[in-house]
Amino acid sequence: MKCYTWTILRIFVTSLHVLNYVAATKHTFITKNDDRHLIGPIGAPFGFLTGGVYNLTIFDFELTIGKTPKKKKRVIDGKEALRYIEAGFFLKRFESESDFAKFYETVMEKPSFCAYESHRDNDYVHPSNEHSVDDDVLVEDDKFQVVFDENEKDNSESEDIGNNGIYISMNNPEKTWKPNTPTITHSFTKSADEGLYFLLFQLCPRADDDQNIGMEIRSSFELDLHFKNYDLYGNPSYLTAGEMKLPTMYTYFSVSYGLCFILWSLNIRNIRLGREPIWSPRDGGQNRPVVHAIHHLMTVLLGLKVLTVFFEAARYHYIKMNGHAEFLSAVYFTMSFIKGTFMFTVILLIGSGWSLVKPFLNEKEKKIIWAVLVLQIIDNIAVVVLSQETEGERLYEDWSAVLHFVD
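Residues numbered from 1 in each chain as written. Predicted model: local features only at pLDDT ≥ 70, side-chain atom pairs only at ≥ 80, totals over all residues. Heavy atoms only, no water.

## Concerning the overall build of the protein
On a plain count of helices and strands, the protein comes out with 10 helices and 10 strands. Within the span of the protein, comprising 407 residues, buried residues form 44% of the whole. When contacts within the protein are restricted to residue pairs at least 6 apart in sequence, long-range pairs at least 24 apart make up 79% of them. By element, 57% of the accessible surface of the protein is carried by carbon and sulfur atoms, the whole surface being about 22000 Å². (Helix = DSSP H or I, 4+ residues; strand = E, 2+ residues; numbered from the N terminus. Buried < 20%, exposed > 50% of the residue type's maximum accessible area, 1.4 Å probe, protein only. Contact = heavy atoms within 4.5 Å. Areas by Shrake-Rupley, 256 points an atom, 1.4 Å probe, with all protein chains shown as cover.)

Pasting the structure below:
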């Protein structure tokens, strides 16, 4: 018993460390020496409404050639890779996540298929290596425009963004590779362009030949993502279109659960003091209800549920206003972790008949409960990481596999 307790405590301490690591809502995406020819979606899909703003800044971009068919250990200048491939970031609209999944499978099965085929001659970049993005400017400036290369005109108003997407080319190392910081900004001014958008990065072959077979091209870059909408009152919201109502919804649910908690607690108290319960028994009061230990655990569980939903409402509200909520995210995920573990404990105790049928657990039941609790803790850690890690990163994929395995 003592051994199982120490195991649970060690896993819990580890989970708190993970919570501190992933508490902040991420606005960055980092990858180093990534050998994938298609990376996406980068970040969570975002639903843009009319007036929404898309801003992407790229830092420290470079390509490297890890090996060649003839000399595997030879390292070649990454710029040589542009002889065989084109690189670019592409924001594309899809009807749903399932449509994106089909598109992703198509590209993975046929690498020669290029997502930004119609944009391969365009270069939507800011050529200055002194350009930077300030968070305060992004919040206050309502006149966002797509910034093109110095040799092209700003024709963003005539672009059919909904069908053609937004593309930024990385094929000019002198302007877009490190130490330069290319950026692209676009405001969705047309209602026809509203929808669910996915950000992709792809290496597209320049020709259908065998020149680059066996060549391993790796990508390294860091992204700064700023996506936002505007609500009905003209206030900026960093939540995707489908999440803009969540702060109000979770506030309503927290109040509802709070009322249930008060009624449940009063009913338990009345029964313990021998008073008339709030809900009368169906047998007309011949058999008075009895309060068991499991009922007190249910009271604690309901209280944890109230706190969890309340902090989730506060977290979404703060993200809506500021784009991030480090402290509230840490509090929410801590409460969610405790509530999830406690809920499965109560379910297992009810299933074993503890408190209602028998006042103790045998050794076999104790082992089953501890084993399930350990798996539940691991599952909660995976959920926390996936909730905060940027989609598309290797760490996200690894923890996603852990989550599916434990479930």
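Following the structure, the description resumes.
## Regarding the pattern of salt bridges
In the structure shown here, the tally under the stated rule is 6 salt bridges. Here Lys-178 ties to Glu-62 by a salt bridge, and the two come within 3.7 Å at their closest N and O atoms. Of this pair, Lys-178 sits in the loop between helix 5 (173-176) and strand 7 (183-187) while Glu-62 sits in strand 4 (residues 53-67), and the two are 116 residues apart along the sequence. Using a relative accessible area of 41% as the deciding quantity, one classes Lys-178 as partly exposed. Owing to a relative accessible area of 26%, Glu-62 belongs among the partly exposed residues under this scheme. In this structure, the salt-bridge partner of Arg-206 is Glu-86, at a minimum N-O distance of 3.4 Å. With Arg-206 in the loop between strand 8 (195-205) and strand 9 (216-230) and Glu-86 in strand 5 (residues 85-94), this pair connects stretches of sequence that are 120 residues apart. (Salt bridge = Lys/Arg side-chain N within 4 Å of Asp/Glu carboxyl O.)

## So, the environment of Leu-246
Within the element layout of this structure, Leu-246 appears in helix 6 (residues 246-272). The exposure class of Leu-246 is buried, given its relative accessible area of 15%. Note: C-alpha distance between Leu-246 and Tyr-316 (70 residues apart in sequence) is 6.9 Å.

## Focus on the confidence of the model for the protein
For the protein, the average pLDDT comes to 75, and 69% of its residues sit at 70 or higher. Within the protein, helix 6 carries the highest mean pLDDT (93), whereas helix 3 (residues 135-140) carries the lowest (36). Note on residues 68-73: pLDDT is under 50 here. Beyond four places in sequence and across chains, it has 7 contacts. (pLDDT = per-residue confidence, 0-100.)

## Some details on the pairing of strand 9
Of all 15 residues in strand 9, 12 are buried, a share of seventy percent or more. Two strands pair when backbone bridges link them, and strand 9 and strand 10 (residues 236-237) are joined in this way by 2 bridges, in the antiparallel orientation. Across the sheet, residue Asn-229 finds its bridge partner in strand 10, namely Ser-237. In this structure, the hairpin formed by strand 9 and strand 10 is closed by a connection of 5 residues, where Gly-234 is found at a positive phi of approximately 80°. (Pairing = 2+ DSSP bridges.)

## Some thoughts on the packing of helix 6 against helix 7 (residues 293-322)
It is the contact of helix 6 with helix 7, at a shortest axis distance of 8 Å, that shows an interaxial angle of 160°. Taken together, the axis directions place helix 6 and helix 7 in an arrangement best described as roughly antiparallel. Classified by chirality, the crossing of helix 7 by helix 6 is left-handed. Grouping the amino acids of the contact of helix 6 with helix 7 by side-chain chemistry returns 16 nonpolar, 9 polar and 4 charged. (Axes fitted to C-alpha atoms, helices over the stretch in contact; angles between N-to-C directions. Parallel < 35°, antiparallel > 145°, perpendicular 65-115°, else oblique. Left-handed = near helix turned anticlockwise from the far one by under 90°. Nonpolar A, V, L, I, M, F, W, Y, C, P; charged D, E, K, R; others polar.)

## Quick look at the packing of helix 7 against helix 8 (residues 326-352)
At a closest axis distance of 9 Å, the pairing of helix 7 and helix 8 adopts a crossing angle of 155°. With respect to each other, helix 7 and helix 8 are oriented roughly antiparallel. The crossing of helix 7 and helix 8 is left-handed. Classifying every residue of the contact of helix 7 with helix 8 gives 21 nonpolar, 3 polar and 4 charged.

## What to know about unusual backbone geometry
Gly-40 connects to Pro-41 through a cis peptide bond whose omega is -5°. Its place among the elements puts Pro-41 in the loop between strand 2 (38-39) and strand 3 (46-48). Here Lys-178 and Pro-179 are connected by a cis peptide whose omega angle stands at 10°. The residue Asn-33 is not glycine, and still its phi comes out positive at about 50°. Tracing the sequence through the fold places Asn-33 in strand 1 (residues 28-34). On the basis of relative accessible area, Asn-33 is assigned to the partly exposed category, the value being 43%. Although it is not a glycine, Asp-60 adopts a positive phi angle of roughly 55°. By secondary structure assignment, the location of Asp-60 is in strand 4. Judged by relative accessible area, which is 35%, Asp-60 ranks as partly exposed.

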